Amino acid sequence: MQTFLSNAIVDKFENAYATQGITLGKLGGSIEGIIPDNVNQYAYDANLNTGSNQVEIGKLAYIKSGVASQVTYDTAAFMIHTIPQGTRFQIMGNSSTIFKFQNLKDTSNNPFFFNGNGGAIANGLPSNILGAELIVNNKIPADIAVYGDITGSYCITTCFSGYEVFERPATNSEVNDGLFATMYATGKITNYRNIRLYKLAV
């Protein structure tokens, strides 16, 4: 039962993380997703004098591929220029989106992913393209990817006081079924400058 509940909680958290997030209802608090809803997104402006440092707290910038459902070389190569220099460069999307990045070709129609990477691929080493680490997350929608310093810009916090989680709270300073009565976990974006969205759209 404990394993089942643990897996169910992890699955719910992963679903919330890969989308717009959830509010925890009567438990209080929320889990912010890595892909905010549309009102909390804005188009990256290449003409701003702040360049890759442009940021709106609470909103993520996005760029579009320019072709519906496709990754284009020009926009993929531009991604690194929309995040501050020296920022870790990761691309996270579902497997079909990541494959589209891997399938990018140069002017001679040679896939970038395979050029010089044959040994690494054969040995199962982490895949990279255009200097980015590719991360597959099949809970993310097929028409979008997240890029930049993903692991360094999202924080998960767990606390063991302040929020009631169980229907039957502990009494007389005791634990209930071997579990403490109060705890909570939350997740949120902590750096809106170092991660962006890439939309497979016109």
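Residues numbered from 1 in each chain as written. Predicted model: local features only at pLDDT ≥ 70, side-chain atom pairs only at ≥ 80, totals over all residues. Heavy atoms only, no water.

## Considerations on the sheet that holds strand β3 (residues 41–43)
With mixed pairing, the 7 strands of this open sheet are ordered in space as β3-β4-β11-β8-β5-β7-β6. A single partner strand is all that each edge strand has here, and the edge strands are β3 and β6 (128–129). Of the strand pairs in this sheet, strand β5 (residues 90–93) and strand β7 (residues 132–136) are connected by 4 bridges, and their pairing is parallel. For M92, the partnering residue across the bridge sits in β7 and is I135. (Pairing = 2+ DSSP bridges. Helix = DSSP H or I, 4+ residues; strand = E, 2+ residues; numbered from the N terminus.)

## Here we look at the packing of aromatic side chains
Tallying each qualifying case throughout the model produces 3 aromatic pairs. When the ring of F89 is compared with that of Y147, the centres are 6.4 Å apart and the planes differ by 75 degrees; the resulting orientation is edge-to-face. With F89 in the loop between α2 (73–78) and β5 and Y147 in strand β8 (residues 144–148), this residue pair connects regions lying 58 residues apart in the sequence. The exposure class assigned to F89 is buried, which follows from its relative accessible area of 8%. (Phe/Tyr/Trp six-rings, centres within 6.5 Å; stacked < 30°, edge-to-face > 60°. Buried < 20%, exposed > 50% of the residue type's maximum accessible area, 1.4 Å probe, protein only.)

## What to know about the pairing of strand β11 (residues 195–199)
With 5 of its 5 residues buried, β11 lies for the most part within the structure. Along β11, one buried face is formed by I195, L197 and K199 and the opposite face, lined by R196 and Y198, is buried too. Bridge analysis of strand β4 (residues 60–64) against β11 gives 3 bridges, and the strand direction is parallel. Looking across to β11, one finds that I63 is bridged to Y198. Alignment of β8 against β11, held across 5 bridges, turns out to be antiparallel. By the bridge assignment, A145 is partnered in β11 with Y198.

## A look at the pattern of salt bridges
Counted according to the given criterion, the structure contains 1 salt bridge. Ionic pairing is found between E133 and R88, a salt bridge with its closest N-O pair at 3.2 Å. Of the two residues, E133 is situated in strand β7 and R88 in the loop between α2 and β5; the sequence distance between them amounts to 45 residues. Assessed through its relative accessible area of 27%, E133 is described here as partly exposed. (Salt bridge = Lys/Arg side-chain N within 4 Å of Asp/Glu carboxyl O.)

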